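# Understanding the architecture of this molecule
Residues per chain are reported as follows:
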Amino acid sequence: MSPSGPLFLGIDSSTQSLSAVAIDDSLNIVAVESINFDTELPSFQTEGGVHRGDDGLTVTSPTTMWVAALDLLLSRLHESGFPFDRVCAISGSGQQHGSVYLRAGARGVLGKLNSDKPLRVQLAGLFAVEDSPVWMDSSTSAQCAAREAALGGAQATAELTGSRAYERFTGNQIAKIYQSNPDGYHATERIQLVSSFVGSLLAGDPIPIDAADGSGMNMMSIREKTWSPAAVECTAPGLRDKLGPIVASHTVVGAIHPYYTTRYGLNPACKIVAFSGDNPCSLAALRLQAAGDIAISLGTSDTIFASLAEPAPSASEGNIFANPVDPDGYMALICWKNGSLTREEIRDSAAGGSWDEFSAALDATPAGNSGQIGFYFKDPEITPPILQTGTFRFDANGNAVAEFAPQTDVRAIVEGQFLSMRLHCGNIGIRPLSILATGGASANAAIIRTMSNVFGAPVYSAEVTDTASLGAAYRARHGWICKQQGRFIPFAETMAAAPPFEQIATPDADAHAVYSAILPRYAELEKRVIEA
Ligand code: 5FX
C-alpha cells in the first residue's frame, strides 16, 4: 500500500458475513476483511447467518448481530494497522430485500453514540422488531396476492415497480409484519433496508434508501424512482412516513459519526455515500456501465446481470432495478435455476463424466444442432417459471422424441440454456452488446464460443471476487468524485484506470444467423413444454 493518498471503503452486509474491501485512488485493492456470523458471533446462534422458522418458510436474522459485526469488522481492520484516516468515503452493499425496524426515538440514540461503549450495548432496544426478515423468507404469498390484486395484477405490478410481487420483496414483508405484529409495526419510526441500515450506523442518522435497492421492495415506481403512493398504501397504514426519502445511488448522504473517528481513527471528513443492494453493487464491480453490457454468471444457478436503457418489466421473468451507477438507467437480474448441476448431469450421462469429452462433443456438432432442441429441467425452473422437472427433446420437425445421440444431448443443453437466456433477456428489453462471463463454466472455451455465437456478441472473462464489497468501494469513490466536482460524473470516466477485461470469444456471423433463425421455434417449443 502506498503511504499516502485517498482510500475508499466498501462494506458488504451479506447473508452470512460482513465484509470490507478498501481501494486506493488507482482502483487497487489495498485491504480486505470479513466477519463470519456463525463462527465469529456464535452467541446469535445462526446457521448460514439466519434463523429458520418452524413453518419452513420464515427466515430472519437477529438485527443486533449486524450491529455487533460492524464493531468487530472495524476493530479487526484497526488492529491490522489499516490507515482509516485516509478513507475519504465509505459506501456499502447489503443483501437485498431484508428490512430493519427502528423504534421511535432511534434517531436520537444513533446521533448520540458514545465511543467508549460498543454499538451493541448502546443500540439494544433500538429495534421495534428484533428479527429482520431476509431475502430467503418465502412466507408472504398471501401478501403478494393482495398486492397484485390491489395494483391490477402481476403484470401491472411489474410495470409499476419493476417486478411482480415476490415473497422476499420488502413491501410484502412489511405487510406481514403489520398484520402479524401490529404493536411492532406501530412502534416503528423508520423502516430501513439492510444496506441503508448499516450506512445509518456509520452516519449516526437514518440515511435514505437508494433507488437501486429500493427497487427490490415492490413499492417504488421504477420509472419515477419515487415511492408509488398506490403501492405503499396497499402495504400498511401510515407507511409512507416510516420509509424516508429515496435518493440516487451515488448521493453523499452524510458524514462519518464521531463514534468512529474517536474509536477507529476515521477521518472526520469521511463521507457516507448511499448504500445499495448486493446485486446492484456487483453490477458496479463488473463495470456493466453502458446499456447492453451484460454479465453471465455460470454457477450452481445461472444468472444474468445487465445494464439497460429501456426496460420492459415482465411478470414472468426477471427483476428490473434502478441502475446503481447511472441515475437515468436500469439494471436487470434474471436467474435460471438449472445451471451447473444440470450441465453436469448431461456431462455424466452423455460425455462419460469428462468436461474434455463434453467440449469435444460440442466441437463435433454443428451450430443449431441440425434443428434439434432440448429442455433440461433437473430442478423446477424460475425462468420460465415451470414446476415440472424432466427432459423434453424435440427433433427438427418439432416432434417430441425420447432420446438424442449423446453428442446431440451435449449441444442441446448448452444451446438450449443460451437460447433461453437470449429469449428471456429480449423479453425484458436487454439487447446484449458485450458479455462478461464469470463463474465455473466460464473457463470452458467450447461453452463460451457457443455463448458468443448465440448472442452474436463478444465475450470477455472476469474473475472478480468479493463483487458486492468491491462494487460498493467503486461506488464510494464514484459518489465522492461527483460530490467533489459538484456534478454527476459518468461512472465509466471514474473507472478509466481499471485494466480492461480479456476478450475470450468473438461471435461467428454464420453461426449467429443460425441461432437467430431458431429462436422463434425455441420460443414456440418452450411454450408447449410449459403448457404440457
Ligand atoms: C436478489 O433479488 C436476491 O434476493 C438475492 O440475490 C439477495 O440479494 C442475496 F443477498
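Definitions and limits used
- Residues numbered from 1 in each chain as written.
- Predicted model: local features only at pLDDT ≥ 70, side-chain atom pairs only at ≥ 80, totals over all residues.
- Heavy atoms only, no water.
- Helix = DSSP H or I, 4+ residues; strand = E, 2+ residues; numbered from the N terminus.
- Rg over C-alpha atoms; globule rule 2.2 N^0.38 Å.
- Buried < 20%, exposed > 50% of the residue type's maximum accessible area, 1.4 Å probe, protein only.
- Contact = heavy atoms within 4.5 Å.
- Phe/Tyr/Trp six-rings, centres within 6.5 Å; stacked < 30°, edge-to-face > 60°.
- Near = heavy atom within 4 Å.
- Polar contact = N/O pair within 3.5 Å; in protein donor to acceptor, adjacent residues only side chain to side chain.
- Areas by Shrake-Rupley, 256 points an atom, 1.4 Å probe, with all protein chains shown as cover.
- Nonpolar A, V, L, I, M, F, W, Y, C, P; charged D, E, K, R; others polar.
- Domains from an automatic or database assignment.
- Expected span 1.5 Å × (residues − 1).
- Pairing = 2+ DSSP bridges.
- Axes fitted to C-alpha atoms, helices over the stretch in contact; angles between N-to-C directions.
- Arc of directions from axis to C-beta.

The helix and strand inventory of the chain stands at 21 helices and 27 strands. A compact globule built from 532 residues should have a C-alpha radius of gyration of about 24 Å, and the chain, at 24 Å, falls within 12% of that. For the chain, the residues scored as buried account for 59% of the 532 residues in total. For the chain, the proportion of contacts with a sequence separation of at least 24, taken over those separated by at least 6, is 73%.

The next subject is the packing of aromatic side chains. One pass over the structure, following the stated rule, counts twelve aromatic pairs. Measuring from ring centre to ring centre gives 5.3 Å for Tyr166 and Phe169, while their planes differ by 35 degrees; the resulting arrangement is tilted. Residue class for Tyr166 comes out buried when judged on its relative accessible area of 13%. Considering the side-chain rings of Tyr259 and Tyr260, the 4.8 Å spacing of their centres and the 75 degrees angle between planes classify their relative orientation as edge-to-face. Since its relative accessible area comes to 1%, Tyr259 is described here as buried.

Our focus in this paragraph is the site of the ligand. Near the ligand the following residues occur: Gln95, Gln96, His97, Trp135, Arg168, Asp278, Asn279 and Leu333. Contact distances for the ligand include 2.8 Å between an oxygen atom and a side-chain N or O atom of Arg168. Burial of the ligand by the protein chains amounts to 85% of its free accessible area of 290 Å². Class assignment of the residues belonging to the shell around the ligand gives a composition of two nonpolar, four polar and two charged.

Interfaces are frequently sized by the accessible area removed from exposure as the parts join. The assigned domain composition of the chain is domain 1 (7-281) and domain 2 (340-419 + 507-531). Spacing between the C-alpha centres of domain 1 and domain 2 amounts to 41 Å.

Once that is clear, we can look at helix α2 (residues 63-79). For an α-helix the count is 3.6 residues per turn, leaving residues at separations of three or four pointing the same way. A rise of 1.5 Å per residue sets the reference length of α2, with its 17 residues, at 24 Å; its end C-alpha atoms lie 25 Å apart and thus fit the reference within 8%. Among the 17 residues in α2, 13 count as buried, and that is most of the element. Directly beyond the C-terminal end of α2, a positive phi value near 85 degrees is found at Gly81.

Moving on: the sheet that holds strand β24 (residues 400-401). Strand pairing in a sheet takes place through backbone hydrogen bonds and is either antiparallel or parallel in direction. Ordered by their spatial adjacency, three strands build an open sheet running β22-β23-β24, and the pairing between neighbours is antiparallel. Each end of this open sheet is capped by a strand with a single partner; those strands are β22 (373-377) and β24. Relative to strand β23 (residues 390-394), β22 runs antiparallel, the two sharing five bridges. By the bridge assignment, Gly374 is partnered in β23 with Arg393. Where helix α21 (residues 509-531) meets the sheet, its contacts fall on β22 and β23, and the angle it forms with β22 comes to roughly 45 degrees.

Let us look at the side chain of Thr140. With respect to the secondary-structure elements, Thr140 resides in the loop between β9 (131-133) and α5 (141-151). Look at Thr140 and you get buried, because its relative accessible area is 0%. Looking at Thr140, its side chain comes within polar contact range of the main-chain oxygen of Glu167, at 2.7 Å.

Here helix α6 (residues 154-161) has its buried residues at Thr157, Ala158 and Thr161. Angular distribution of buried residues about the axis of α6 spans 100 degrees; they occupy a single face of the element. Those residues of α6 hidden inside the fold are in contact with α5, β12 (220-221), α11 (229-233) and β20 (319-322). Downstream of α6 by a residue or two, Gly162 has a phi angle that is positive, lying close to 100 degrees.

Once that is clear, we can look at unusual backbone geometry. Pro384 follows Thr383 through a cis peptide bond whose omega is -10 degrees. Structurally, the position occupied by Pro384 is in the loop between β22 and β23. Here His97, not a glycine, exhibits a phi torsion of approximately 80 degrees, which is positive. Following the sequence through the fold, His97 ends up in the loop between β6 (87-94) and β7 (99-103). In this structure His97 comes out as buried when scored by relative accessible area, which is 5%. Positive phi values are uncommon outside glycine, yet Ser370 reaches one of about 50 degrees.

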